[in-house]
Amino acid sequence: MRKYSFLVLAVFLLSAPFLFAAEDDICRVHLCKMEVKQVRISYGLPSRAFFDYAEVRSESFPNCDDSVLGGCIVREITHAEKNVCEQCNTARDEWRKAENDNDKD
Ligand SMILES: [Zn+2]
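These figures come from a predicted structure and were not determined experimentally.

Novice: For this particular structure, what's the right way to read the overall build of the protein?
Specialist: In terms of helices and strands, the protein carries three helices and three strands. Listed N to C, the secondary structure of the protein is α-β-α-β-β-α in terms of helices and strands. Sequence separation of at least 24 residues holds for 82% of the intrachain contacts in the protein that already meet a minimum separation of 6.

Written as structure tokens, this is what we have:
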């Protein structure tokens, strides 16, 4: 019995990285598979408006292809890899269009 427990534990430990890796490429909002893409890195202190937007993004389209924050110190590296969900991109574009339409009213 003890031999089998060790075997089960060994199989779990060996497969765990693959199980967790598989979850990382699934969008938690749209439950679809994402693709790794290159996105721009933004440097500097984000504005208050950015944080308001980031809150909406986090809930509704967390895996869109927006740039990622690189910190306050500007570095030579300009792009980073990120898991991107196409449905998040669509949701972001629709949200921006609705925001722009609201601004016109
Ligand atoms: Zn998504």
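Novice: Is there a simple way to explain the sheet that holds strand S2 (residues 68–69) in this structure?
Specialist: Through backbone hydrogen bonds, the strands of a sheet pair up, either in parallel or in antiparallel fashion. Pairing is mixed in the open sheet, where three strands are placed in the order S2-S1-S3. Every other strand in the sheet has two partners, leaving S2 and strand S3 (79–84) as the edge strands with one partner each. Of the strand pairs in this sheet, strand S1 (residues 35–42) and S3 are connected by six bridges, and their pairing is antiparallel. Paired with Gln38 across the two strands is Glu81, which belongs to S3.

Novice: How do you make sense of the environment of Ser60 when you look at a structure like this?
Specialist: Within the fold, Ser60 resides in helix H2 (residues 48–60). When the C-alpha positions of Ser60 and Ala91 are compared, they lie 7.4 Å apart, and in sequence the two are 31 residues distant. Once residues within four sequence positions are removed from consideration, Ser60 is found in contact with Val29, Ala91 and Trp95.

Novice: Explain unusual backbone geometry to me, please; I cannot follow it from the model alone.
Specialist: Peptide bonds are, in most cases, trans, and in most cases residues other than glycine have a negative phi. Of note in this structure, Leu31 is not a glycine but carries a positive phi near 55°. Looking at where Leu31 falls in the secondary structure, it is placed in the loop between helix H1 (2–24) and S1.

Novice: Can you walk me through the environment of Asn83 in this structure?
Specialist: As for its placement among the helices and strands, Asn83 is situated in strand S3. The spacing of Asn83 and Met34 is 49 residues in sequence and 5.6 Å in space, taken between C-alpha atoms. Sequence-distant contacts of Asn83, that is, excluding residues within four places in its chain, are made with Asp24, Asp25, Met34, Val36 and Asn63.

Rules behind the numbers
Residues numbered from 1 in each chain as written. Predicted model: local features only at pLDDT ≥ 70, side-chain atom pairs only at ≥ 80, totals over all residues. Helix = DSSP H or I, 4+ residues; strand = E, 2+ residues; numbered from the N terminus. Contact = placed C-beta atoms within 7 Å. Pairing = 2+ DSSP bridges.

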